[in-house]
Amino acid sequence: MSPRPKPSARAAYRAFRTIQTRWMDNDIYGHMNNVVHYSLFDTAVNGWLIEQGVLDIHGGARVGLVVETGCRYFAEMAFPDVITAGIRVAHMGTSSVRYEVGLFRNDEDTASAEGFFIHVYVERSSRKPLPLDPGLRGALEEIALLT
């Protein structure tokens with residue numbers, strides 16, 4: 001069995017978004033429910049894409065569909081923590097992107113959780129894959145680990 005990966009530091013990420021936890025994020029055990037981590041990943045990445053002007057959730061012809069996700073949990077988070085989501089792009093294909101997201105509790109430098117998801121960009125109505133357009137690809141290259 002391979003050793004458990006260690007959490008990354010903030011410096012391992014390229015873009016950041018701050019997200020306030022909510023009372024309803026806590027579960028019966030007093031910490032943030034696992035499903036909330038995935039919601040934070042989605043909120044952070046899509047919020048960043050909207051801020052960059054490369055995602056129009058209401059009228060754009062292109063949408064990103066999540067086809068794979070994963071998460072590793074390292075430390076508990078709970079309301080009223082403020083979460084900083086670090087975002088980076090680990091891989092870009094013709095129509096797909098692997099985003100990696102670290103969730104940092106309050107001012108901590110080490111991730112409490114790290115996850116990924118893969119978007120396949122498709123035409124909104126047909127759901128057929130589309131190549132990444134130059135504007136999207138350019139924004140993604142800014143936060144990519146690729147050289």
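The text that follows walks through the structure, step by step, so that each part is easy to find. Just so we're clear, the structure is a prediction, and the values are computed from it rather than from any experiment.

**Points about the layout of surface pockets**
Size it by volume and the largest pocket reaches roughly 190 Å³. Contributing to the lining of the largest pocket are 14 residues, with R72, R88, R98, E114 and G115 lying nearest its centre. Of all the secondary structure elements, the ones that give two or more residues to the lining of the largest pocket are β2 (62-73), β4 (96-105) and β5 (113-123). Per-class residue counts for the lining of the largest pocket are five nonpolar, three polar and six charged.

**Some thoughts on the environment of G47**
When you line up the elements, G47 lands in helix α1 (residues 34-51). In sequence terms G47 and G115 are 68 residues apart; their C-alpha atoms lie 17 Å from each other. Residues in contact with G47, not counting those within four places in the same chain, are R17 and D42.

**Brief notes about the sheet that holds strand β1 (residues 15-20)**
Spatially, β1-β3-β4-β5-β2 is the arrangement adopted by the five strands of the open sheet, whose pairing is antiparallel. Each edge of the open sheet is held by one strand with a lone partner, namely β1 and β2. Pairwise comparison of adjacent strand axes, ignoring direction, gives a mean angle of 25 degrees for this sheet. Alignment of β1 against strand β3 (residues 82-92), held across six bridges, turns out to be antiparallel. Bridge pairing in β3 places I19 opposite I83.

Conventions used here
- Residues numbered from 1 in each chain as written.
- Predicted model: local features only at pLDDT ≥ 70, side-chain atom pairs only at ≥ 80, totals over all residues.
- Heavy atoms only, no water.
- 1 Å grid on protein atoms, 1.4 Å probe; cavity = no way out; pocket = protein on both sides within 12 Å on 5 of 7 lines; lining within 4 Å.
- Points joined across faces, edges and corners; volume = space filled by probe spheres on them.
- Helix = DSSP H or I, 4+ residues; strand = E, 2+ residues; numbered from the N terminus.
- Nonpolar A, V, L, I, M, F, W, Y, C, P; charged D, E, K, R; others polar.
- Contact = heavy atoms within 4.5 Å.
- Pairing = 2+ DSSP bridges.
- Axes fitted to C-alpha atoms, helices over the stretch in contact; angles between N-to-C directions.

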